[in-house]
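# Observations on the three-dimensional arrangement
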Amino acid sequence: MPAKQLRWETMDKSQIPLAKLAEQYYMTCRAEGLTADTLRGYEEKLSRLVRWCDEGTLDEFSVELIREYIAYLQSAPKYEGLHYQRADDVHMSAANVQNHVRVIRSFSSWLYRESYTDENMLSRIKVPKAPRKLVKTLTDDEIRRLFNCLDINTTMGCRDAAMLLLFLDTGLRCSELIKINPEDVHLDEQWVKVMGKGQKERIVPFGGRASNLLHRY
């Protein structure tokens, strides 16, 4: 008699290592065009979960396990596992814990979509709340002192002053500014095209002083 053909939905997948599933998830995310920075973040966070689970298997992945893991993250030292340590007892920030939980929830959704699990087991897991703090901005005096450190009559000083003023005018991320190409900058119209998070382009205007410094540079 011919061998019985097994269907993917009926196969026992409970003993698949979480590390192997995480690798498959990275490959899926890469194929979907996620940026290198996003992929690194996913890998770092899921690798930490896998290590904490002591290289566990899919049958160990549960709501109870993840709730226990979240509690561990909330009390984990901020610099745990790094080659340097702070003298003070600083815990991982609430915002960082939120990012870990979002990645794990996304991983759980993928397991369900790919039929590794019969349900999205972490759909009941809520992202922990984090305090919303006001961003501390530079004072006029602090901005003045920064510019006083720069000599716009030198190549490097003019460049740094143009970058600083562009930051202040636009609120660009550092990663966005360093990726700007000359053809992205439109000095006469006073706008710049930037590639932001999620590979999304946008147009950002800047002021006349920044335009003059960029012209000078």
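Read on for a plain summary of the structure. (Residues numbered from 1 in each chain as written. Predicted model: local features only at pLDDT ≥ 70, side-chain atom pairs only at ≥ 80, totals over all residues. Heavy atoms only, no water.)

Quick look at the sheet that holds strand β1 (residues 185-186) now. Strands sit in the order β1-β2-β3 across an open sheet of three strands; the sheet is antiparallel. Each of the sheet's edge strands pairs with one partner strand only, and the pair in question is β1 and β3 (201-205). Alignment of strand β2 (residues 191-195) against β3, held across five bridges, turns out to be antiparallel. Residue pairing across strands places Met195 opposite Glu201, the latter belonging to β3. (Pairing = 2+ DSSP bridges. Helix = DSSP H or I, 4+ residues; strand = E, 2+ residues; numbered from the N terminus.)

Let's shift gears to a nonpolar patch on the surface. On the surface, Leu6, Trp8 and Met11 cluster together to form a nonpolar patch covering roughly 300 Å² of accessible area. One can find Met11 in the segment before α1 (18-31). (Patch = residues over 30% accessible without salt bridge, like charges linked within 9 Å, V, L, I, M, F, W, Y side chains within 5 Å. Areas by Shrake-Rupley, 256 points an atom, 1.4 Å probe, with all protein chains shown as cover. Salt bridge = Lys/Arg side-chain N within 4 Å of Asp/Glu carboxyl O.)

What follows covers unusual backbone geometry. Residue Ser115 is not a glycine yet carries a positive backbone phi of 65°. Along the chain, Ser115 falls in the loop between α4 (94-113) and α5 (140-148). A positive phi angle, close to 60°, is found at Gln190, a residue other than glycine.

The next point concerns the pattern of salt bridges. Following the criterion strictly, the structure yields nine salt bridges and no others. Residues Arg145 and Asp141 are paired through a salt bridge, measuring 3.8 Å at the closest nitrogen-oxygen approach. Separated by four residues within a single helix, Arg145 and Asp141 lie in helix α5, roughly one turn from each other. The class for Asp141 is partly exposed, based on a relative accessible area of 40%. With a shortest N-O distance of 2.9 Å, Arg202 and Glu176 are connected by a salt bridge. (Buried < 20%, exposed > 50% of the residue type's maximum accessible area, 1.4 Å probe, protein only.)

Here we take up the nonpolar core. Counting 32 residues, the largest nonpolar core has Leu46 and Phe61 as its most contacted members. The leading source of residues in this core is α4, at seven residues. With residues up to four places along the chain from it excluded, the contact list for Phe61 reads Leu18, Leu49, Ile66, Ile104, Phe107, Ser108, Leu111, Met121 and Leu122. Of all hydrophobic cores here, the second largest spans 14 residues; its members include Leu166, Leu177, Val194 and Val204. (Core = buried A, V, L, I, M, F, W, Y, C linked by side-chain atoms within 4.5 Å. Contact = heavy atoms within 4.5 Å.)

Below, the discussion takes up the packing of helix α6 (residues 155-170) against helix α8 (residues 208-216). In contact at an axis separation of 9 Å, α6 and α8 are set at 155° when each is read in the N-to-C sense. Considering their axes alone, α6 and α8 lie roughly antiparallel with respect to each other. In the packing of α6 onto α8, the handedness of the crossing is left-handed. Contacts from Cys158, Ala161, Ala162, Leu165, Leu166 and Asp169 in α6 reach Arg209, Ala210, Leu213, Leu214 and Arg216 in α8. Partitioning the contact of α6 with α8 into residue classes produces eight nonpolar, no polar and three charged. (Axes fitted to C-alpha atoms, helices over the stretch in contact; angles between N-to-C directions. Parallel < 35°, antiparallel > 145°, perpendicular 65-115°, else oblique. Left-handed = near helix turned anticlockwise from the far one by under 90°. Nonpolar A, V, L, I, M, F, W, Y, C, P; charged D, E, K, R; others polar.)

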